[in-house]
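# A closer look at the structure
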Amino acid sequence: MRSPLAATGLGLAALAALAALGALAPGCGPRRSGHGTTGPTIGPPPPPPPGSTTVWGPLRVEAVDPVRSDVGWVRDFVRATRVVAFDVVLAQDRAQCPDAVTASLAKVDERGCRGVDAFPASCKVEPAIRARVEVEVVHAIELGHKCAGDAMTYVPNEDDPRASLTVAGRTCFKSKNKLKPESTWTSLYELTELRFSERVAAVRTPFASALAAVLLAHDEGKKTYCRDDGAYLDGTAGAPVVAPTTAPIALAELLVARAARPPLEGDGVPLTGDAFRSEHALWESCNTKAARESLVARERCLLLRQLDRFLRDVEDLARPDTPKGMAAPATSGGAP
């Protein structure tokens, strides 16, 4: 039997990130280099000279970086949430073009915003506008429990999962160890089998629809000129109809594909998969090099460490109630 591990207090503080929506920030300043010059504030351009119109180029994504990952229990040892935040840098060109040029080149996107794919030489191009948008990808983590060898999983009480898991764990320990010598009892760490599963539950960002459209533009050849609220990147109104802001789950996959460095995701991370494994085996996988080098694995192992302490306490309750068997008598090695 292995030694119990001290629990760490994750709490639910990490879930506060769910309420914090990303907002546009003026210019990225020293965060990046080589992207041109952005003015001190984002705002509409000055009025164009007579005979000219301000026009905008398509929105584009210049950078996608994962910047934060938080995890915490929603229901103790049953349901957790992991929130991965991405910084997405959007950029847009604008120019003052003669009215005749604007009328002949301007296109209308799916939101009703007008723009041009490229500015002709007769246009006076303004400095590119850039803004940072935070996108939070919310992962729902479900944890299944069962007693080793049983086909049915536990059904924890939603109001008090600790209490129902305690009863199930004590029953499992006693049924597997009763009438056996105490020295041969199997630890609850080995008798508790777990299955971690994770899925993308939501994507939170103020401009989910526009971001998805921009990320897909390369594959589909479509252009978008304004944000979900019908305004251009500088805030100038461009369309009277407000586009929906609900993000498709596919947006998470697009962000991962465009990330400039390895994202806070990964395949083959410990504590994933459809198979049940003992709590002890899962903890052993947490001590591998692959798990130590993966942020996602380390976060899930923190959840498991809390469960580790809980199972020790449940076993301490179950031991006094478990009927003991007699140890086998010692045999003599000599001839009768």
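Residues numbered from 1 in each chain as written. Predicted model: local features only at pLDDT ≥ 70, side-chain atom pairs only at ≥ 80, totals over all residues. Heavy atoms only, no water.

### Some thoughts on the environment of E182
By the element assignment, E182 lies in the loop between α2 (161–177) and α3 (188–191). Taking the C-alpha atoms as reference, E182 lies 8.2 Å from A327; in sequence the two are 145 residues apart. Not counting residues within four places of it along the chain, the set of residues in contact with E182 comprises R319 and K324. (Helix = DSSP H or I, 4+ residues; strand = E, 2+ residues; numbered from the N terminus. Contact = heavy atoms within 4.5 Å.)

### Digging into helix α6 (residues 279–286)
Within α6, 6 of the 8 residues are buried, which leaves it mostly tucked inside the rest of the structure. Elements in contact with the buried residues of α6: α3, β10 (192–204), β11 (277–278), α7 (289–292) and α8 (295–318). (Buried < 20%, exposed > 50% of the residue type's maximum accessible area, 1.4 Å probe, protein only.)

### Topic: the nonpolar core
Core analysis: the largest hydrophobic core is formed by 31 residues, its most contacted members being L304, L307 and F310. At the level of elements, β3 (60–75), β9 (129–147), α2, α3, β10, α6 and α8 are the ones that each hand at least two residues to this core. For this core, the element with the most residues is α8, which contributes 8 residues. Within the second largest apolar cluster, 26 residues are counted, among which are V64, V84, L90 and F207. (Core = buried A, V, L, I, M, F, W, Y, C linked by side-chain atoms within 4.5 Å.)

### Regarding the confidence of the model for the chain
Chain-level statistics for the chain give a pLDDT mean of 80 and a share of 77% at 70 or above. With pLDDT under 50 throughout, residues 1–40 is counted as low confidence; its partners more than four residues away or in other chains account for 83 contacts. (pLDDT = per-residue confidence, 0-100.)

### Let's talk about unusual backbone geometry
A positive phi angle is found at F77, which is not glycine, with a value near 60°. Structurally, F77 can be placed in the loop between β3 and β4 (79–92). On the basis of relative accessible area, F77 is assigned to the buried category, the value being 2%.

### Regarding the environment of D308
With respect to the secondary-structure elements, D308 resides in helix α8. Note: C-alpha distance between D308 and L188 (120 residues apart in sequence) is 9.8 Å.

### A short note on the pattern of salt bridges
Per the stated rule, a full pass over the model turns up 24 salt bridges. R162 serves as the salt-bridge partner of D76, at 2.8 Å between the closest nitrogen and oxygen. Of this pair, D76 sits in the loop between β3 and β4 while R162 sits in helix α2, and the two are 86 residues apart along the sequence. According to the relative accessible area criterion, D76 is partly exposed, its value standing at 30%. Judged by its relative accessible area of 40%, R162 is partly exposed. Between E315 and R319 there is a salt bridge whose closest N-O contact spans 3.1 Å. Residues joined by salt bridges that share partners form a network here, namely R60, E62, D93 and R130. (Salt bridge = Lys/Arg side-chain N within 4 Å of Asp/Glu carboxyl O.)

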